[in-house]
Amino acid sequence: QHLFALAVDEDPEVRKNVCRALVMLLEVRIDRLIPHMYSIIQYMLQRTQDSDENVALEACEFWLTLAEQPICKDVLTAHLVQLIPILVHGMRYSEIDIILLKGDVEEDEAVPDSEQDIKPRFHKSRTVTLAHEEQRGGDGDGDGDDEDDDDTLSDWNLRKCSAAALDVLANVFREELLPHLLPLLKELLFHLEWVVKESGILVLGAIAEGCMQGMVPYLPELIPHLIRCLADRKALVRSIACWTLSRYAHWVVAQPPELYLKPLMTELLQRILDSNKRVQEAACSAFATLEEEACTELVPYLSFILDTLVFAFGKYQHKNLLILYDAIGTLADSVGHHLNQPEYIQKLMPPLIQKWNELKDEDKDLFPLLECLSSVATALQSGFLPYCEPVYQRCVTLVQKTLAQAMMYNQHPEQYEAPDKDFMIVALDLLSGLAEGLGGHVEQLVARSNIMTLLFQCMQDTMPEVRQSSFALLGDLTKACFVHVKPCIAEFMPILGTNLNPEFISVCNNATWAIGEICMQMGIWDFGVQERRETAPCSGKKFGVLGFGDGQRQPRVLVRILGEAPESFFSPNPLLQDFIFFCDAVASWVSPKDDLRDMFYKILHGFKAQVGEENWQQFSEQFPPLLKDRLAAFYGV
């Protein structure tokens, strides 16, 4: 009641704090607000239009928070007709925004970046997935693609908050939002004032995820319009058009390429060479998204794409050069071995190696360049051979230097600075890329270096990301040149075993994968009792890897790992309890290929036969009902 008494106070600071208090209550004591929800929503609708932008911003947070509550749809549906126009209006640039963004400056490509323009960069360690041969990536924690591109307005403002609120509400209401939005969009997107048109393009991007199905009938008209907006006279319109088109890239790629993909790709490549740095950045990021969606659809256009990206090397200032590395690395990930053509290698590698030679070992610009080269090396395979030796040696040197600095710091912290271990992580990841791309060709490089000794140290590092990348490299070296890994297994296996800790899921994942690769190389039967105990805490992910082995031997192999005989099925061995994770992994695979489904069938039935019907019944009683039903329906166990 006291809050409501203050709600209409003339002091903007009081109104702002009333809004903030209501948002906090919505998060922690929504039960207190529900009886008054209609009045609160009406109040927040007014305050989101407050003449004081700080009050409006605080009120706008209410819609973001409400969208996360289970009651959102029930209490907000009747108010959408008022709310949507308010949010859409809040997505326009204010006059002060345009001044801060230098919105009147159309050409600035020759202006050097100041150091504060460039955000600190943090490398994400290499994570091995079960489909490691086809894809590599992180934990899927996203790349911020749900934000529009005005990141130089570093402060959270009404435009960003309104766009974020519309985005989350689109995910709640889906197509129900469109009757309130489409009439507004039609007016905004074709408006003569660039600020209004720009906000309409942002609205279209904000609803892309939540309202995609409902927007599909309109996209054949909207996508060509957005592509035309890429050539708009205003740089801020061109840049937001890049972002919004990237949000619809999945739909574009699903259509015949001549209709939308080719015109979009052509225009985006022109924008990559735009005379405005903001547009260059937005186009590079959008093109990286398009590359991820289109994959090998881009192969016919590789020559044209590479010409553009390589030309940008000589054109870009510092900040956008870092984004260009990402676009090249993503291209390599997306087209894979199709990049391994002499014509393409000759275009791409000289500028990359020139940058590589220009950068000092302590330059943090090495991070994105090393990430880029890792993807390129994996894609080029043997095509990277002429460049591999100096790259390999420098990576080993980076690892060695960082380990030495860490040792000095640990012994004399008062005399030495702690090293930046990202240098070691990116170097390990590039070595993984080389091992994966070059295969057996990497053997001579490993033989002439001390990488196995360094790897032994990295695997015991206190930093989880270092261990994560170390285990990825171990797995790739196991596949590429097992002859150098085999002598180290007695030392490596206990370390791998102690890292099978789900608390660090990516470390655990990579350690599991490395164990699986070693098991396959050794034919599993080479393991003695002691080694089996060391690997006992392994999870279902390891079985997923082992499942790609010999289908006839596999059931016996699994029983051998799980315990020497059926009598030991309910022994304290912690691995026994983990077979349920393998069962869960199998059941969660919705439509495996026929050969994989057949292999799963053999493993499950072979295991059941080995342990006997009675033991299997006792074991399967632990299964949740859904898991039991799926295994019975798909595999008959």
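Refer to the structure printed above.
Being a predicted model, the structure only gives us computed values, none of them experimental.

S.K.: I would appreciate a short explanation of the overall build of the chain in the present structure.
M.R.: Within the chain, the secondary structure is distributed over 37 helices and zero strands. Within the chain, the fraction of its 637 residues that count as buried is 55%. Restricting the contact set of the chain to residue pairs at least 6 apart, pairs at least 24 apart contribute 76%. Here the chain displays about 28,700 Å² of accessible surface, and carbon together with sulfur accounts for 54% of that area.

S.K.: Sorry if this is basic, but what is going on with the pattern of salt bridges here?
M.R.: If charged atoms from side chains of opposite charge come close, those side chains can pair. Inspection of every chain in the model, using the stated rule, returns 21 salt bridges. Among the salt bridges present, the one from Arg 238 reaches Asp 274, with a minimum N-O distance of 3.0 Å. Placement of the pair is Arg 238 in helix α14 (residues 235-247) and Asp 274 in the loop between α16 (261-272) and α17 (277-294), with a sequence separation of 36 residues. As far as burial versus exposure is concerned, Arg 238 and Asp 274 are alike and both buried. If you follow the salt bridges from partner to partner, you end up with Arg 238, Glu 267, Arg 271 and Asp 274 in one network.

S.K.: Any chance you could explain the packing of helix α2 (residues 12-28) against helix α5 (residues 53-67) here in plain terms?
M.R.: To describe two helices that pack against each other, one gives the angle between their axes and the distance between the axes. Relative orientation of the contacting elements α2 and α5 amounts to 10 degrees, with a least axis distance of 8 Å. Relative to α5, α2 is oriented roughly parallel. Contacts between α2 and α5 pair Pro 12, Arg 15, Lys 16, Cys 19, Arg 20, Val 23, Leu 26 and Glu 27 from the former with Asn 54, Val 55, Glu 58, Ala 59, Glu 61, Phe 62, Thr 65 and Leu 66 from the latter. Of the residues that constitute the contact of α2 with α5, the class distribution is eight nonpolar, two polar and six charged.

S.K.: What am I meant to see in a nonpolar patch on the surface here?
M.R.: On the surface, Ile 96, Ile 99 and Leu 100 cluster together to form a nonpolar patch covering roughly 340 Å² of accessible area. Locating Ile 99 in the fold gives a position in helix α8 (residues 95-100). Residue Ile 99 is classed as exposed on the basis of its relative accessible area of 63%.

S.K.: Help me understand the side chain of Arg 467, please; the structure alone is not making it clear to me.
M.R.: Relative to the helices and strands, Arg 467 resides in helix α26 (residues 464-480). The buried charged residue Arg 467 lacks any salt bridge partner; its closest oppositely charged side chain belongs to Asp 461, at an N-O distance of 6.1 Å. A polar side-chain atom of Arg 467 sits 2.7 Å from a polar atom in the side chain of Asn 499. In this structure Arg 467 touches Cys 458, Met 459, Asp 461, Thr 462, Asn 499, Phe 504 and Val 507, once residues within four positions along its chain are discounted.

S.K.: Explain the nonpolar core to me, please; I cannot follow it from the model alone.
M.R.: Buried together is how nonpolar side chains tend to be arranged in soluble globular proteins. Ranked by size, the top nonpolar core spans 188 residues in total, and within it Trp 63 and Phe 384 carry the most contacts. The dominant element in this core, judged by the number of residues it contributes, is helix α23 (residues 422-438), at 11 residues. The residues that make up this core include at least three from each of domain 1 (1-103 + 154-216) and domain 2 (219-341). The residues touching Trp 63, leaving out its near neighbours within four places in the chain, are Ile 41, Met 44, Leu 45, Thr 48, Leu 76, Leu 83, Leu 87 and Ala 165. Core analysis: the second largest hydrophobic core is formed by 17 residues, Cys 583, Phe 600, Phe 623 and Leu 631 among them.

S.K.: Is there a simple way to think about unusual backbone geometry in this case?
M.R.: Leaving glycine out, the prevailing phi sign among residues is negative, and the prevailing peptide bond configuration is trans. Phi angles above zero are rare outside glycine, and Arg 174 is one such case at about 50 degrees. Examined against the element boundaries, Arg 174 turns out to sit in the loop between α9 (158-173) and α10 (178-189). Residue Gln 381 is not a glycine yet carries a positive backbone phi of 55 degrees. Following the sequence through the fold, Gln 381 ends up in the loop between α21 (366-380) and α22 (385-411).

S.K.: Quick question: what am I supposed to make of helix α11 (residues 194-206) here?
M.R.: Because each turn of an α-helix spans 3.6 residues, side chains separated by three or four positions end up pointing in the same direction. Compared with the 18 Å implied by 1.5 Å per residue over 13 residues, the 18 Å span of α11 between its first and last C-alpha is a close match. Extensive coverage of α11 is indicated by the burial of 13 of its 13 residues.

S.K.: What should I look at first to understand the packing of aromatic side chains in this one?
M.R.: Per the stated rule, a full pass over the model turns up seven aromatic pairs. Geometrically, the ring pair formed by Phe 456 and Phe 492 is stacked, given 6.1 Å between the ring centres and 15 degrees between the ring planes. Of the two residues, Phe 456 sits in helix α25 (residues 451-458) while Phe 492 sits in helix α28 (residues 489-498), which places them 36 residues apart along the sequence. By relative accessible area, which is 26% here, Phe 456 ends up partly exposed. Residue class for Phe 492 comes out buried when judged on its relative accessible area of 0%. A cation sits over an aromatic face here: Arg 159 above Tyr 93, 3.7 Å from the ring centre. Here the guanidinium or amino end of Arg 394 rests over the ring plane of Trp 356, the centre of that ring lying 4.8 Å away.

S.K.: Is there a simple way to explain the environment of Ala 514 in this structure?
M.R.: Relative to the elements of secondary structure, Ala 514 occurs in helix α29 (residues 505-522). The exposure class assigned to Ala 514 is buried, which follows from its relative accessible area of 0%.

S.K.: Just to check I follow, could you spell out a negative patch on the surface for this structure?
M.R.: Among the surface-exposed residues, Glu 292, Glu 293, Asp 326 and Asp 333 lie close enough to one another that they form a single negatively charged patch. Of all the secondary structure elements, the ones that give two or more residues to the negative patch are α17 and α19 (318-335). Structurally, the position occupied by Asp 326 is in helix α19. Given a relative accessible area of 37%, Asp 326 falls into the partly exposed group.

S.K.: I tried to follow helix α20 (residues 342-358) on my own but got confused; where do I start?
M.R.: Here α20 spans 24 Å end to end across 17 residues, near enough to the 24 Å set by a 1.5 Å rise per residue. Its maximal kink placed at Met 349, α20 deviates by approximately 30 degrees, while the proline Pro 350 follows within four residues. Burial in α20 covers these residues: Tyr 344, Ile 345, Leu 348, Met 349, Pro 351, Leu 352, Ile 353, Lys 355 and Trp 356. The secondary structure elements touched by the buried residues of α20 are α18 (302-313), α19, α21, α22 and α23.

Rules used throughout
- Residues numbered from 1 in each chain as written.
- Predicted model: local features only at pLDDT ≥ 70, side-chain atom pairs only at ≥ 80, totals over all residues.
- Heavy atoms only, no water.
- Helix = DSSP H or I, 4+ residues; strand = E, 2+ residues; numbered from the N terminus.
- Buried < 20%, exposed > 50% of the residue type's maximum accessible area, 1.4 Å probe, protein only.
- Contact = heavy atoms within 4.5 Å.
- Areas by Shrake-Rupley, 256 points an atom, 1.4 Å probe, with all protein chains shown as cover.
- Salt bridge = Lys/Arg side-chain N within 4 Å of Asp/Glu carboxyl O.
- Axes fitted to C-alpha atoms, helices over the stretch in contact; angles between N-to-C directions.
- Parallel < 35°, antiparallel > 145°, perpendicular 65-115°, else oblique.
- Nonpolar A, V, L, I, M, F, W, Y, C, P; charged D, E, K, R; others polar.
- Patch = residues over 30% accessible without salt bridge, like charges linked within 9 Å, V, L, I, M, F, W, Y side chains within 5 Å.
- Lys, Arg positive; Asp, Glu negative; His and termini not counted.
- Polar contact = N/O pair within 3.5 Å; in protein donor to acceptor, adjacent residues only side chain to side chain.
- Core = buried A, V, L, I, M, F, W, Y, C linked by side-chain atoms within 4.5 Å.
- Domains from an automatic or database assignment.
- Expected span 1.5 Å × (residues − 1).
- Phe/Tyr/Trp six-rings, centres within 6.5 Å; stacked < 30°, edge-to-face > 60°.
- Lys NZ or Arg CZ within 6 Å of the ring centre and 35° of its normal.
- Charge placed at Lys NZ, Arg CZ, Asp CG, Glu CD.
- Bend = angle between axes of the 7 residues up to and from the residue.

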